[in-house]
Amino acid sequence: MAASAMSEVYTGTIGPTGRPVPVFPEPERLLRHGPARVVAVCNQKGGVGKTTTTISLGAALAEVGRRVLLVDFDPQGALSVGLGFQPHELDATVYNVLMAAGVTASEVLFPTKVDGMDLLPSNIDLSGAEVQLVHEVGREFILGRVLAPALPASDTVPTGAWPSCWRAGY
C-alpha cells in the first residue's frame with residue numbers, strides 16, 4: 001500500500017471512477033500574513049501550462065484567505081494578459097525592478113480582480129534582461145533579492161516563468 005494512501009481520510013462516498021472520494025480539509029484562516037514562500041513554476045518546454053498553473057494556484061490560495069503576489073517572469077507577458085493587463089501598455093514591469101536602481105516591487109504591483117492577489121507584470125522588455133545581466137556576478141540571485149522586501153506582506157509568491165527561469169535564482 002502506498003504511504004499516501006495510508007494517511008488519506010475518505011468521505012465514505014464512491015466517486016465516478018469507483019474509488020473512495022478523499023477529504024480535502026479547508027486550510028485554517030491565517031491570523032497574520034507573511035513571510036511568503038516563493039514557488040517557481042518552471043519547465044524547459046513551452047506550452048505545458050506554466051501560466052495556467054500559476055494563475056490557478058494564485059487564485060486558489062487567495063480564495064482561502066492567503067495574500068498572493070504573482071510574478072510574471074515571461075517576456076511574452078502571458079500571465080499579465082491572462083489577468084487582463086496589456087503588457088505593451090505598462091510603464092513599469094518586473095524588468096524595471098530587476099534593472100533600474102531604486103525601483104521596488106511594491107511600486108510596480110497591480111491589484112488583480114481577485115481579492116488578495118496582486119501581480120508584478122512583465123512585457124517584452126524582460127527579454128533584454130538576460131543579455132544585460134550576462135556579466136553580472138550573482139545574477140541568478142537578483143530576482144530573489146528584489147522580491148525580498150515584498151515577502152513580508154504576502155503568504156505565497158507563485159512565479160510564472162519562461163523556460164530559462166532556473167537562471168532567476170529559484
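Quick summary incoming for the structure in this document. Keep in mind that what you see is a predicted model, and the values were worked out from it rather than measured. (Residues numbered from 1 in each chain as written. Predicted model: local features only at pLDDT ≥ 70, side-chain atom pairs only at ≥ 80, totals over all residues. Heavy atoms only, no water.)

## Points about the pairing of strand β4 (residues 68-73)
Step number 1: By the criterion of burial, β4 is predominantly enclosed, with six of the six residues buried.
Step number 2: Burial of β4 is two-sided: the residues Val68, Leu70 and Asp72 facing one way and the residues Leu69, Val71 and Phe73 facing the other way are all buried.
Step number 3: In the sheet, β4 pairs with strand β6 (residues 117-120) via four bridges, with the strands oriented parallel. In the sheet register, Leu70 faces β6, and the bridge partner there is Leu119. (Buried < 20%, exposed > 50% of the residue type's maximum accessible area, 1.4 Å probe, protein only. Helix = DSSP H or I, 4+ residues; strand = E, 2+ residues; numbered from the N terminus. Pairing = 2+ DSSP bridges.)

## Let's talk about the side chain of Thr159
Step number 1: Among the secondary structure elements, Thr159 is positioned in strand β7 (residues 156-161).
Step number 2: Setting aside anything within four residues of it in sequence, one finds Thr159 in contact with Val38, Val39, Ala40, Val41, Thr54, Val71, Phe73 and Leu143. (Contact = heavy atoms within 4.5 Å.)

## Overview of helix α2 (residues 50-63)
Step number 1: Taking 1.5 Å per residue as the helical rise, α2 with its 14 residues ought to reach 20 Å, and the 20 Å between its terminal C-alpha atoms agrees with that figure.
Step number 2: Three or more residues of α2 are buried, namely Lys50, Thr54, Gly58 and Ala62. Each buried residue of α2 lies within a common arc of 90° when the element is viewed along its axis, so the set occupies one face. Facing away from the buried side of α2 by more than 90 degrees, the exposed set consists of Thr52 and Glu63.
Step number 3: One or two positions beyond α2, positive phi appears at Gly65, with a value near 95°. (Expected span 1.5 Å × (residues − 1). Arc of directions from axis to C-beta.)

## Some words on the environment of Leu90
Step number 1: Note on placement: Leu90 falls in the loop between α3 (78-82) and α4 (94-99).
Step number 2: Given the relative accessible area of 15%, Leu90 is considered buried.
Step number 3: C-alpha separation for the pair Leu90 and Pro121, spaced 31 residues apart in sequence, amounts to 8.3 Å.
Step number 4: The contact partners of Leu90, leaving out residues within four places of it in the chain, are Phe110, Pro121, Ser122 and Asn123.

These results come straight from atomic positions and should not be treated as a statement about function.
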